[in-house]
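# Results of the structural survey
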There are 6 protein chains.
Amino acid sequence: RYDKVRDHEEVGMVTGLAWTAVGGVTLEIEAVSMPGNGKLQLTGQLGDVMKESAQTGVSYIRSMAKELGINEDFYKNLDIHLHIPEGAIPKDGPSAGITMTTAILSLLTHQPVPQYIAMTGEITLTGRVLPVGGIKEKVLAAHRAGITTVILPKENERDLEEIEKNVRKNLQFILVENMKEVIKAVF
Amino acid sequence: RYDKVRDHEEVGMVTGLAWTAVGGVTLEIEAVSMPGNGKLQLTGQLGDVMKESAQTGVSYIRSMAKELGINEDFYKNLDIHLHIPEGAIPKDGPSAGITMTTAILSLLTHQPVPQYIAMTGEITLTGRVLPVGGIKEKVLAAHRAGITTVILPKENERDLEEIEKNVRKNLQFILVENMKEVIKAVF
Amino acid sequence: RYDKVRDHEEVGMVTGLAWTAVGGVTLEIEAVSMPGNGKLQLTGQLGDVMKESAQTGVSYIRSMAKELGINEDFYKNLDIHLHIPEGAIPKDGPSAGITMTTAILSLLTHQPVPQYIAMTGEITLTGRVLPVGGIKEKVLAAHRAGITTVILPKENERDLEEIEKNVRKNLQFILVENMKEVIKAVF
Amino acid sequence: RYDKVRDHEEVGMVTGLAWTAVGGVTLEIEAVSMPGNGKLQLTGQLGDVMKESAQTGVSYIRSMAKELGINEDFYKNLDIHLHIPEGAIPKDGPSAGITMTTAILSLLTHQPVPQYIAMTGEITLTGRVLPVGGIKEKVLAAHRAGITTVILPKENERDLEEIEKNVRKNLQFILVENMKEVIKAVF
Amino acid sequence: RYDKVRDHEEVGMVTGLAWTAVGGVTLEIEAVSMPGNGKLQLTGQLGDVMKESAQTGVSYIRSMAKELGINEDFYKNLDIHLHIPEGAIPKDGPSAGITMTTAILSLLTHQPVPQYIAMTGEITLTGRVLPVGGIKEKVLAAHRAGITTVILPKENERDLEEIEKNVRKNLQFILVENMKEVIKAVF
Amino acid sequence: RYDKVRDHEEVGMVTGLAWTAVGGVTLEIEAVSMPGNGKLQLTGQLGDVMKESAQTGVSYIRSMAKELGINEDFYKNLDIHLHIPEGAIPKDGPSAGITMTTAILSLLTHQPVPQYIAMTGEITLTGRVLPVGGIKEKVLAAHRAGITTVILPKENERDLEEIEKNVRKNLQFILVENMKEVIKAVF
Ligand SMILES: [Ca+2]
Ligand SMILES: [Ca+2]
Ligand SMILES: [Ca+2]
Ligand SMILES: [Ca+2]
Ligand SMILES: [Ca+2]
Ligand SMILES: [Ca+2]
Ligand SMILES: [Ca+2]
Ligand SMILES: [Ca+2]
Ligand SMILES: [Ca+2]
Ligand SMILES: [Ca+2]
Ligand SMILES: [Ca+2]
Ligand SMILES: [Ca+2]
């Protein structure tokens with residue numbers, strides 16, 4: 001059902017790529033903010049590693065707020081809720097790190113992310129982007145869904161060789177080592 | 001025992017549709033509010049997925065409050081309790097998402113939902129309505145209970161073909177892609 | 001040991017009826033209030049369903065406070081403790097819903113419930129009374145204990161036919177569909 | 001090691017009686033209070049039923065404070081810690097209810113309980129004293145330890161007949177139906 | 001590695017004695033305080049009984065503060081952290097009660113405990129010292145480590161007879177019934 | 001992937017050494033701070049012992065703040081998040097104690113730790129450094145990664161003899177007994 005690119009871009013929504021038992025899939029990650037006091041809510045049957053990954057992304061943003069041009073006090077005045085449908089399917093792993101972080105940044109900067117972009121990559125507290133698994137399957141899923149730009153960890157560059165030329169030539173790949181390069185690519 | 005439509009409409013009450021081991025059933029979802037400070041209480045032996053689904057609905061409302069014509073501060077001044085009888089029967093899954101969200105909206109806008117309407121559909125944070133399972137069984141249960149209007153996810157449209165004509169012609173189906181279409185249909 | 005009716009009525013005490021492996025029993029439900037800030041304490045080895053049932057009763061009272069003639073602020077100034085002896089016996093199920101709600105209402109209105117009344121029934125958030133199991137066994141236990149009036153869900157009316165005439169003629173049955181009928185019957 | 005009566009009485013200390021796999025034993029229950037804000041700490045490897053029993057005793061005292069001549073605000077200004085040595089031995093059951101309640105009352109009224117008194121009995125929220133098991137074994141343990149007065153639930157009166165005359169004549173039994181009778185007997 | 005007495009005394013550090021599957025060992029118990037608000041942190045893989053034992057010691061100190069010459073408000077202005085290395089080894093039981101209590105008292109009175117003293121004993125809320133197991137093994141471990149003074153529960157006196165004379169004559173034993181005797185011996 | 005030394009030093013990042021089923025590895029420990037109120041967040045699938053080790057390091061810093069030249073109030077005004085990638089790999093044990101403590105000290109003093117330094121050692125509350133396992137494997141991993149200086153517990157000195165000369169001569173070893181020696185070595 002997540003096979004097709006959305007027909008529009010929307011603040012707080014970013015397309016991720018997951019690797020499941022039945023192959024790669026695209027994931028529509030959604031984040032909203034509300035007047036509040038700094039609560040971070042994570043739903044969609046996310047496992048511990050995925051929750052820690054989201055928390056790591058939030059701390060990256062909080063500790064870099066000034067440099068990222070974000071109001072340093074956002075954390076005191078907002079509650080943030082991040083949800084990944086379908087709500088009944090368990091999800092885990094660190095590979096949605098940069099996607100979740102981008103969704104929250106989209107919210108906080110009020111800038112949408114183009115709907116033809118998908119991404120995957122583990123994030124660390126200081127914004128480093130670490131390699132992840134399932135690149136081939138994820139890229140195929142992105143291609144099937146009509147995605148035209150895929151953001152990947154630089155350290156996964158070699159994994160692209162396994163993908164057939166036909167698919168590769170229809171996609172633009174952006175290889176990143178740091179969250180700042182993700183930001184530059186999507187906003 | 002939930003076989004018959006209520007004889008009146010009441011603020012905070014909405015009829016949902018569930019799919020159980022023994023077929024489809026109707027569920028009377030109830031929500032009340034009390035002077036409080038933003039606590040959300042969920043009872044009726046609801047599983048994790050169902051609780052996350054209710055929380056997602058609440059965040060949808062909170063983040064859209066202004067647009068939905070709801071006092072943005074409702075969350076600071078009220079406690080909300082949502083209960084699904086029968087209290088001893090375990091319930092789970094995301095398919096009551098739009099029903100629970102509608103019950104809370106009914107509360108907050110003081111508008112009842114007509115008792116002859118039933119609905120099913122997963123909700124996301126941004127109000128998208130995702131398809132759910134068991135459409136045929138759920139529609140039959142609605143029909144047996146005397147429901148005349150059923151709200152379903154647009155993506156479940158094809159599932160209606162499995163239902164026999166006799167039943168179908170006695171029901172009005174409203175297919176929705178977004179929570180806003182649910183709101184337009186019931187209030 | 002709970003075989004005999006108490007010899008007096010007392011604010012906060014109401015007799016319930018439970019259905020156990022060894023037949024029906026009467027339960028003395030007790031509630032007390034203390035200066036506090038809205039804490040609800042539930043003891044007596046109550047299971048999850050029973051705790052949710054008590055919480056549902058409290059929310060019914062809180063959301064209806066004005067209509068029930070109760071100070072709307074009671075929840076801010078009191079702690080309520082509800083206990084069901086014997087403390088070592090695990091108890092569960094929704095059928096003490098109206099009994100627990102009545103005990104708390106007795107506390108809040110300072111009106112005792114006559115000791116010759118016993119009751120059983122599931123309560124919902126909006127005060128509907130739903131049918132419960134074990135009616136025959138519960139009525140026999142009430143009769144043995146010297147109870148003269150039994151309050152039951154209207155939907156359980158047919159279950160009374162299973163009880164032998166001899167017992168039935170010595171008891172007054174009050175069949176209720178809504179908590180308001182319980183209130184009218186006991187205060 | 002708890003075989004002998006203490007050589008003095010002390011505020012906050014009361015001797016209980018427990019029934020274990022190896023027979024009856026005496027238990028020295030200790031309670032202390034500290035400037036605080038109403039926290040109740042329970043240690044000594046107490047099981048759930050025993051903890052609920054202590055909480056029930058505290059709520060009895062709080063809801064009856066005025067009548068018992070205790071400063072109604074004690075709960076706001078004190079933390080209470082109740083501990084039952086030996087700390088490594090798991091303990092459970094409701095039968096220390098009146099003993100724990102008496103220990104806390106001793107603290108709050110600054111009156112010691114004579115060291116030659118031991119007691120056993122379940123307490124309810126309204127101060128009723130319910131019967132408990134193991135009376136014979138508990139009384140023998142009290143006698144061995146040098147106790148001269150044993151407080152028991154009135155409903156356990158018949159259990160005293162099982163105890164041999166020789167032991168019985170050396171002990172004074174106080175049979176109680178309500179916590180107020182315990183209070184009258186010990187202070 | 002804990003085989004040798006420290007070469008100096010230090011506020012907050014006290015040597016305990018534990019009895020493990022492989023014999024007796026000495027334990028360096030450490031406590032530090034920080035500006036805070038009364039939080040007690042316990043680390044070093046301590047089991048439930050050991051944590052309750054530390055809490056019992058803290059309540060003893062809090063309830064006796066005035067008598068012990070300690071600022072009654074310490075609990076409001078400090079956080080206390082007690083840690084028992086080695087951090088990966090699970091520890092449990094009540095026998096470090098007086099040692100943990102002494103470490104915290106050392107902190108609060110700014111008085112070190114001489115490094116040639118080791119101790120073992122269960123503490124109760126009112127400061128009673130109860131007997132513990134493994135006396136022989138613990139004393140041997142103390143001796144091997146170069147300890148010269150061992151504080152033990154009075155009720156363990158008889159256990160000293162099992163220790164060979166050669167060891168006994170090189171150690172001073174202080175037998176205690178109450179925490180006050182421990183305090184007199186170490187400060 | 002963590003085989004190579006970073007190409008630069010950065011405040012809050014310190015290289016640790018871990019011993020896994022497949023040999024030694026280097027770990028990039030990262031810490032960031034944010035305006036906050038003293039929350040310590042620990043992510044990267046850290047086990048209980050490792051979390052207690054981080055808490056012990058934080059308490060060491062808090063209780064020594066003045067002596068370490070750190071603003072004593074840091075704990076009231078900052079949240080600290082420490083993360084150890086890769087986020088999906090479970091990690092445990094006390095041997096990253098000095099590394100995590102150093103990362104937080106780097107943050108609080110705004111001084112980076114040279115990227116060619118790696119370290120391992122258990123920390124206690126008073127700053128003692130205790131020996132750890134896997135020294136040989138850890139040193140080899142450090143060497144492979146291009147580390148030139150390894151900080152180790154003094155009590156592990158003998159373990160260095162097992163490492164072949166060829167490796168040893170290319171590395172500087174700093175043997176420490178106390179956290180203060182680590183601080184002197186890295187800042
Ligand atoms: Ca799908
Ligand atoms: Ca991965
Ligand atoms: Ca039913
Ligand atoms: Ca579904
Ligand atoms: Ca009974
Ligand atoms: Ca039932
Ligand atoms: Ca004993
Ligand atoms: Ca009992
Ligand atoms: Ca050792
Ligand atoms: Ca012991
Ligand atoms: Ca790696
Ligand atoms: Ca180790």
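In this text, all values refer to a predicted model and were calculated from it rather than measured experimentally.

## Topic: the overall build of chain A
Counting secondary structure elements, chain A contains 7 helices and 9 strands. A globule of 187 residues ought to have a C-alpha radius of gyration of about 16 Å, and chain A, at 15 Å, matches this closely. Taken along its principal axes, the extent of the C-alpha atoms in chain A is 50 × 35 × 30 Å. Burial status across chain A gives 58% buried among its 187 residues. As displayed, chain A has an accessible area near 7,600 Å², and 48% of this comes from carbon and sulfur atoms. Charge separation in chain A, taken as the distance between the mean sites of 20 positive and 24 negative side-chain charges, equals 2 Å.

## Some points on the interface of chain A and chain B
Listed per partner, the contact involves 24 residues of chain A and 19 residues of chain B. Between chain A and chain B the total buried area reaches about 1,800 Å² when both faces are included, carbon and sulfur atoms providing 52% of it. Where chain A packs against chain B, one counts 2 salt bridges. A salt bridge links Glu30(A) to Arg128(B), with the shortest nitrogen-to-oxygen separation between them at 2.8 Å. Taken together, the connections running from chain A to chain B amount to 11 residue pairs in polar contact (both at pLDDT 80 or more). If you list the elements that add at least two residues to the side of chain A that touches chain B, you get strand 2 (23-35), strand 3 (40-43) and strand 4 (78-83) of chain A. For the side of chain A that touches chain B, the element with the most residues is strand 2 of chain A, which contributes 7 residues.

## A short note on the sheet that holds strand 8 (residues 149-153) of chain B
Residues and elements named next belong to chain B. One open sheet accounts for 7 strands, arranged 3-4-2-1-5-8-9; its pairing is mixed. Pairing within the sheet leaves two strands with one partner each, and these edge strands are strand 3 (40-43) and strand 9 (172-176). Mean inter-strand twist for the sheet, computed between neighbouring axes without regard to direction, equals 25°. Both strand 2 (residues 23-35) and strand 4 (residues 78-83) contribute to a ladder of 6 bridges, which runs antiparallel.

## Thoughts on the environment of Thr99(E)
Residues and elements named next belong to chain E. In this fold, Thr99 is placed in helix 4 (residues 97-109). Residues Thr99 and Ile183, spaced 84 residues apart in sequence, show a C-alpha to C-alpha distance of 11 Å. Residues within four places of Thr99 in sequence aside, it is in contact with Val14, Thr15, Gly16, Ile29, Met119 and Thr120.

## Let's talk about the packing of aromatic side chains
The tally for this structure, following the rule as stated, stands at 6 aromatic pairs over all chains. Relative to Tyr75(A), the ring of Phe74(A) lies with its centre 5.8 Å away and its plane at 85°, an arrangement referred to as edge-to-face. Its relative accessible area of 22% is what places Tyr75(A) among the partly exposed residues. Between Arg62(B) and the ring centre of Tyr75(B), over which it is positioned, the NZ or CZ distance is 3.7 Å.

## Structural notes on the sheet that holds strand 5 (residues 117-119) of chain F
If you walk across this open sheet you meet the 7 strands as 3-4-2-1-5-8-9 (chain F), and the pairing is mixed. Across the chains shown, the open sheet's two edge strands, defined by having one partner strand only, are strand 3 (40-43) and strand 9 (172-176) of chain F. The mean angle between the axes of side-by-side strands here comes to 25°, regardless of whether they run parallel or antiparallel. In this fold helix 1 (residues 48-63) of chain A packs onto strand 2 (23-35), strand 3 and strand 4 (78-83) of chain F, with an angle of close to 50° to the strand it touches most, strand 2 of chain F. Lying on the sheet, helix 5 (residues 135-144) of chain F is in contact with strand 1 (13-20), strand 2, strand 8 (149-153) and strand 9 of chain F; it crosses strand 2 of chain F at an angle near 75°.

## A closer look at the arrangement of the chains
No part of chain B reaches chain F; the closest C-alpha pair between them is 22 Å apart. At no point do chain D and chain F touch; the closest pair of C-alpha atoms across them sits 22 Å apart.

## A closer look at the packing of helix 4 (residues 97-109) of chain C against helix 7 (residues 179-186) of chain C
Residue and element names in this part refer to chain C. At a minimum axis distance of 11 Å, the contact between helix 4 and helix 7 shows a crossing angle of 55°. The angle between the axes of helix 4 and helix 7 places the two elements in the oblique class. As helix 4 packs across helix 7, the resulting crossing turns out to be right-handed. Residues Ile98, Thr101, Thr102 and Leu105 of helix 4 pack against Met179, Val182, Ile183 and Val186 of helix 7. Counted by class, the contact of helix 4 with helix 7 contains 6 nonpolar, 2 polar and no charged residues.

## Section: unusual backbone geometry
Cis geometry is adopted by the peptide bond preceding Glu86(A), which originates at Pro85(A) and carries an omega value of -5°. Assignment of secondary structure puts Glu86(A) in the loop between strand 4 and helix 4 (97-109). The phi angle at Gln45(D) is positive, at roughly 60°, despite the residue not being glycine. For Gln45(D), a relative accessible area of 21% puts it in the partly exposed group.

## Some words on the relation of the copies chain D and chain E
Of the two same-sequence chains, chain D is brought onto chain E (RMSD 0.0 Å, axial shift 0.0 Å) by a rotation of 60°. Such a turn and shift between the copies fits a six-fold axis. In terms of C-alpha distance to the rotation axis, chain D has Asn37(D) as its closest residue, with the C-alpha 13 Å off the axis.

## As for the side chain of Thr120(E)
Residue and element names in this part refer to chain E. Structurally, Thr120 can be placed in the loop between strand 5 (117-119) and strand 6 (122-123). The exposure class of Thr120 is buried, given its relative accessible area of 0%. Within the structure, Thr120 has its side chain in polar contact with the backbone oxygen of Ser95 (distance 3.2 Å). Polar contacts involving the side chain of Thr120 include one to the side chain of Lys138, which spans 3.0 Å. Once you skip the residues sitting within four places of it in the chain, Thr120 turns out to touch Leu17, Ser95, Ile98, Thr99, Val132, Ile135, Lys138, Ile151, Leu152 and Pro153.

## Considerations on helix 4 (residues 135-145) of chain B
Since one α-helical turn is 3.6 residues long, residues separated by three or four positions face the same way. All names here are of chain B. Among the residues of helix 4, Ile135, Lys138, Val139, Ala141, Ala142 and Ala145 are the ones counted as buried. Looking straight down helix 4, one finds its buried side chains confined to an arc of 160°; they lie on one side. Close packing links the buried residues of helix 4 with strand 1 (13-20), strand 2, strand 8, helix 5 (165-168) and strand 9. Backbone geometry just downstream of helix 4 places Gly146 in the positive-phi region, at approximately 95°.

## As for the interface of chain D and chain E
Of the residues lining the interface, 24 residues belong to chain D; the matching set on chain E comes to 19 residues. For the pair chain D and chain E, the two sides together bury roughly 1,800 Å², of which 52% comes from carbon and sulfur. Close ionic contact of Arg62(E) with Asp79(D) constitutes a salt bridge, the shortest N to O distance being 3.0 Å. There are 12 residue pairs in polar contact (both at pLDDT 80 or more) connecting chain D and chain E. Of all the elements in the fold, those that place two or more residues in the side of chain D that touches chain E are strand 2 (23-35), strand 3 (40-43) and strand 4 (78-83) of chain D. Considering each element in turn, the side of chain D that touches chain E owes the most residues, 7 residues, to strand 2 of chain D. Class assignment for the residues of the side of chain D that touches chain E results in 10 nonpolar, 8 polar and 6 charged.

Rules used in this analysis
- Residues numbered from 1 in each chain as written.
- Chains lettered and ligands numbered in written order.
- Predicted model: local features only at pLDDT ≥ 70, side-chain atom pairs only at ≥ 80, totals over all residues.
- Heavy atoms only, no water.
- Helix = DSSP H or I, 4+ residues; strand = E, 2+ residues; numbered from the N terminus.
- Rg over C-alpha atoms; globule rule 2.2 N^0.38 Å.
- Buried < 20%, exposed > 50% of the residue type's maximum accessible area, 1.4 Å probe, protein only.
- Areas by Shrake-Rupley, 256 points an atom, 1.4 Å probe, with all protein chains shown as cover.
- Lys, Arg positive; Asp, Glu negative; His and termini not counted.
- Charge placed at Lys NZ, Arg CZ, Asp CG, Glu CD.
- Contact = heavy atoms within 4.5 Å.
- Buried area = accessible area lost by both parts, 1.4 Å probe.
- Salt bridge = Lys/Arg side-chain N within 4 Å of Asp/Glu carboxyl O.
- Polar contact = N/O pair within 3.5 Å; in protein donor to acceptor, adjacent residues only side chain to side chain.
- Pairing = 2+ DSSP bridges.
- Axes fitted to C-alpha atoms, helices over the stretch in contact; angles between N-to-C directions.
- Phe/Tyr/Trp six-rings, centres within 6.5 Å; stacked < 30°, edge-to-face > 60°.
- Lys NZ or Arg CZ within 6 Å of the ring centre and 35° of its normal.
- Parallel < 35°, antiparallel > 145°, perpendicular 65-115°, else oblique.
- Left-handed = near helix turned anticlockwise from the far one by under 90°.
- Nonpolar A, V, L, I, M, F, W, Y, C, P; charged D, E, K, R; others polar.
- Least-squares fit on C-alpha atoms with pLDDT ≥ 70 in both.
- Arc of directions from axis to C-beta.

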